[in-house]
Amino acid sequence: MRSLEQELNCPVCKEIVKQPVVLPCQHSICLMCASEVLVANGYPPPELPPEPNSPASTPNMRSPRQMRRPAPKTEQRPIDRVLRSGRGRLPTAFRVSLCPPLVMMFPCIPCGREVELGEKGLTDCLRNLTLERIVERYRHSVSLGSVAVMCQFCKPPQALEATKGCADCRANFCNECFKLYHPWGTPRAQHEHILPTLNFRPKVLTCPEHDQEKLQFYCRSCQRLLCPLCKLRRIHSGHKILPVVQAYQALKEKITKEMNYILSNQDTVLAQITQLESGITQTEVNSVSAREQLAQSIRDLTAALAERHASLTQALEAARQKRGEALSAQVAERRSLMEHAGLMAFTQELLKETDQPCFVQAARQTHNRLSKAIENLQHFSLAADPSFRHFQLDVSKELKFLTELNFIQAPLAPVIDTQRSLAYDQLFLCWRLPPDSAPAWYYSVEYRRRGVVPGGTSRGGIRGGLAAMDSVYVLRVRGCNKAGYGEYSEEVYLHTPPAPVLNFYLDSRWGLHADRLVVSKEQRGARSVPGLSLLQAADHALTSCHLTSDLLVGDVAITQGRHYWACSVEPGSYLVKVGVGLESKLQEWFHLPQDMASPRYDPDSGHDSGAEDALDSAPPFCFLTMGMGKIYLPQHSNHPHSNHGNANRDPNSNGPSPPKGVTYPLPPRLGVCLDFEKGRVTFHDAHSLRPLWEGHVDCSGPVCPAFCFIGGGALQLQELVANRNADQTPVRRVTIQPRVSNHSA
């Protein structure tokens, strides 16, 4: 039982709990400790009940006859009734202005955060009677086994050991006093007697807001016990409320199952304890090794500093000697210019020479020396700088490095670039490290297929083609350096295309209008601009609605299977149509351009002549129109049985009704999926693979991807991830592996 004591300690006083109350976070704490914590945090002292082992009146000073009388009611002032919690009521307006509601916040130590107690503070917290009973049993079995509880009604000289305790009187009695104060045939004889104790508890939990109301219900939403009156409150409307008996049975069964599970896995617990103890031992050994490495590193730094100090000192000494020699030579030269010394004395002796040829021969060198001396006198400067300004060390960076010298840290969690990460022909994951992160030597990418248990046999392709179409892969990445692996990044979900990716280029064989349509060098992008022809045509008419329509197709023809491709349309484009069409009809449309304003030749109408309606066949074209930052989705798909010639006509009008549909913001990338066998085209938001619209197309012949430009616009085909990876050289080594579950299946 002694190992149980740590479960009974109060988190504040670190002693066995006394009168524990349950906080809203389900932790228990001594009532006195809780009140002291609230007072220390600036809240007013709460009203506490009297100590259980110190009755308000002394029982041994009263006779049994006096005890039968009701206690006299003390006179209470009106202001006391107002200030006491739950006593008295003032008018609503006056009560709000006098005392605004104060929400108490209690700093719970086990939680490490503040929990809200409400306006009434500890009054709303129930006593943990179960914990008190456990403490009582623990005290009897361990601490108080040899300590006697004395009777509270015997006179002090002859005090006897208590043999019974009364839960109603909240006092301990010997046999004689119990019979005296609980006479037979009186209501006191019906009191519940218990073992002697120093801590009396109420028999049942009652509602803190409604006196004498038993807690008969449990709210699973609020996780609180309720009385019948609290159950009727509006705050619990819509909550799942159970009878306390049912909640008791359910919780007891759960705790029993959990306890049995732990007891049945004692081998696992012992193995983990052994592993933890081994970890503690290894921690001590590794800490000693790390301390030695730290000391060695400091010694290496000290040795490097000492070596550098010696070399710099040697350089400084060499400079000092060289400058001293230069200045000493200059001093000697100046001293030779004195009147009776050196050069001056020699010159005076030279001037005494009377032989002219000899004088001229000997005076030439002296003349040069005197000229140089005069020049040095007129332009005097020191032969060397004595300041040594260039020999000052700037150690600010080194001091900063030494101040910030710390143990190596593992890389922080990488940040995933969700805009650049995509799933196309391969999964492409783009990430970067935070600015304040330690560098990473290499990265580890973990993935799993959604809906598959981690660590199973699923092997979604990361480097190669995707093994499963129309699947969601969950990826995360972490960096690693000498300190080990860092934290994982947030998980990113990539949805693979619903069909194999079709790789094609834009075809320029059909005679593009060079003045209006320009195809990129790689033939994966095109831009349409209004040309001079439109400007010249507009000069001949005052009003006109003519627009240029330029068709562009892919260089592949689909004859079977399911295929998927994606493209992006510049948001500033005027009108761009993206879809598919029969190759023969596309060539006919290109060589015989029609009036695009006519509904018969509108590709979105699904037909280009009246004969198509009579044949009840699928339309030869299927396009979606985008432009001005929007995408237009027709209300009905191009189903051959629902797209007849009179489908868009209003019965009350002579002409066709305006098209019905909705517009959405233009997605960053548009995906197109063609099922040739079913003659069905599905348009997707390529970023999330969410279907946008579905239509039908005639697949009786080869079908080509097609694009139509009306006015200015730009389009770019999605580049294959394989081509992008081939052009880029990875800077860091990346390890790709499936995620392994930490739990046994």
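Everything discussed here concerns the structure shown above.
Residues numbered from 1 in each chain as written. Predicted model: local features only at pLDDT ≥ 70, side-chain atom pairs only at ≥ 80, totals over all residues. Heavy atoms only, no water.

S.K.: Is there a simple way to explain the state of the cysteines in this structure?
M.R.: Such a bond, covalent and formed between the sulfur atoms of two cysteines, is termed a disulfide. Counted under the stated rule, the structure contains 0 disulfides. The structure places no disulfide on Cys-169, whose sulfur is separated from the nearest cysteine sulfur, that of Cys-166, by 3.5 Å. The cysteine Cys-174 is free of any disulfide, with Cys-177 supplying the nearest cysteine sulfur at 3.5 Å. Given the relative accessible area of 4%, Cys-174 is considered buried. (Disulfide = S-S within 2.5 Å. Buried < 20%, exposed > 50% of the residue type's maximum accessible area, 1.4 Å probe, protein only.)

S.K.: Help me understand the pattern of salt bridges in this model?
M.R.: It is possible for side chains bearing opposite charge to pair when their charged atoms get close. This model, assessed by the stated rule, comprises 7 salt bridges. When the shortest N-O distance is used, the salt bridge between Glu-317 and Arg-320 registers 2.4 Å. Of the two residues, Glu-317 and Arg-320 both sit in helix H9 (residues 266-335), 3 residues apart, roughly one turn of that helix. For Glu-317, a relative accessible area of 39% puts it in the partly exposed group. With relative accessibility at 44%, the residue Arg-320 sits in the partly exposed group. Close ionic contact of Arg-476 with Glu-446 constitutes a salt bridge, the shortest N to O distance being 3.2 Å. Highlighted residues: Arg-476 in strand S16 (residues 472-481) and Glu-446 in strand S15 (residues 442-449), separated in sequence by 30 residues. A residue is classified by how much of its surface remains accessible, and Arg-476, at 18% relative accessible area, is buried. Overlapping salt bridges bring together Arg-562, Asp-675 and Arg-680 as one network. (Salt bridge = Lys/Arg side-chain N within 4 Å of Asp/Glu carboxyl O. Helix = DSSP H or I, 4+ residues; strand = E, 2+ residues; numbered from the N terminus.)

S.K.: For this particular structure, what's the right way to read the packing of aromatic side chains?
M.R.: Two measures describe an aromatic ring pair: the distance that separates the ring centres and the angle between the ring planes. In the structure shown here, the tally under the stated rule is 11 aromatic pairs. Aromatic side chains Phe-173 and Phe-178 sit 5.8 Å apart centroid to centroid with 75 degrees between the ring planes, which places their arrangement in the edge-to-face category. A relative accessible area of 11% means that Phe-178 is categorised as buried. With a centroid separation of 6.3 Å and an interplanar angle of 90 degrees, the aromatic rings of Tyr-442 and Tyr-485 are classed as edge-to-face. Separated by 43 residues along the polypeptide, Tyr-442 in strand S15 and Tyr-485 in strand S17 (residues 484-485) bring together distant segments of the chain. Aromatic rings pair up to connect Phe-153, Phe-173, Phe-178 and Tyr-181 into one cluster. A cation over an aromatic ring shows up here: Arg-476 above the ring of Tyr-488, its NZ or CZ 3.6 Å from the ring centre. Lying across the ring of Tyr-505, Arg-524 places its NZ or CZ 5.2 Å from the centre. (Phe/Tyr/Trp six-rings, centres within 6.5 Å; stacked < 30°, edge-to-face > 60°. Lys NZ or Arg CZ within 6 Å of the ring centre and 35° of its normal.)

S.K.: Help me understand the pairing of strand S31 (residues 703-710) in this model?
M.R.: Regular strands place side chains that alternate from one sheet face to the opposite one. Taken across its 8 residues, S31 has 8 buried, putting it largely inside the fold. Residues of S31 alternate between two faces, with Val-703, Pro-705, Phe-707 and Phe-709 on one and Cys-704, Ala-706, Cys-708 and Ile-710 on the opposite face, all of them buried. In this sheet, S31 lies alongside strand S22 (residues 549-554) in antiparallel orientation, the contact comprising 5 bridges. Residue pairing in the sheet places Asp-550 in a bridge with Phe-709 of S31. Taken together, the 8 bridges between strand S24 (residues 575-582) and S31 define a ladder with antiparallel strand orientation. Paired with Leu-575 across the bridge in S31 is Ile-710. (Pairing = 2+ DSSP bridges.)

S.K.: It is not clear to me how the sheet that holds strand S9 (residues 224-226) should be interpreted in this structure. Could you clarify?
M.R.: Spatial strand order, S9-S8-S10: 3 strands in an open sheet with antiparallel pairing. Because the sheet does not close on itself, it has two edges, and the strands there are S9 and strand S10 (241-243). Strand-to-strand, the axes of this sheet are offset by a mean angle of 30 degrees, without reference to chain direction. Pairing geometry for strand S8 (residues 217-219) and S10, over 3 bridges, is antiparallel. Of the residues in S10, the one forming a bridge with Tyr-218 is Leu-242. Each of S8, S9 and S10 is contacted by helix H8 (residues 244-264), which is oriented at about 90 degrees to S10, the strand it contacts most. (Axes fitted to C-alpha atoms, helices over the stretch in contact; angles between N-to-C directions. Contact = heavy atoms within 4.5 Å.)

S.K.: Honestly, the environment of Glu-7 in this entry has me stumped. Any pointers?
M.R.: With respect to the secondary-structure elements, Glu-7 resides in the segment before strand S1 (20-22). By relative accessible area, Glu-7 is classed as exposed at 57%. Taking the C-alpha atoms as reference, Glu-7 lies 9.9 Å from Val-135; in sequence the two are 128 residues apart.

S.K.: Mind showing me how you'd approach the side chain of Ser-471 here?
M.R.: Position of Ser-471 among the secondary structure elements: in the loop between S15 and S16. Side-chain polar atoms of Ser-471 contact the backbone oxygen of Met-469, separated by 3.2 Å. Leave out the neighbours within four places in its chain, and Ser-471 touches Arg-449, Leu-494, His-495 and Thr-496. (Polar contact = N/O pair within 3.5 Å; in protein donor to acceptor, adjacent residues only side chain to side chain.)

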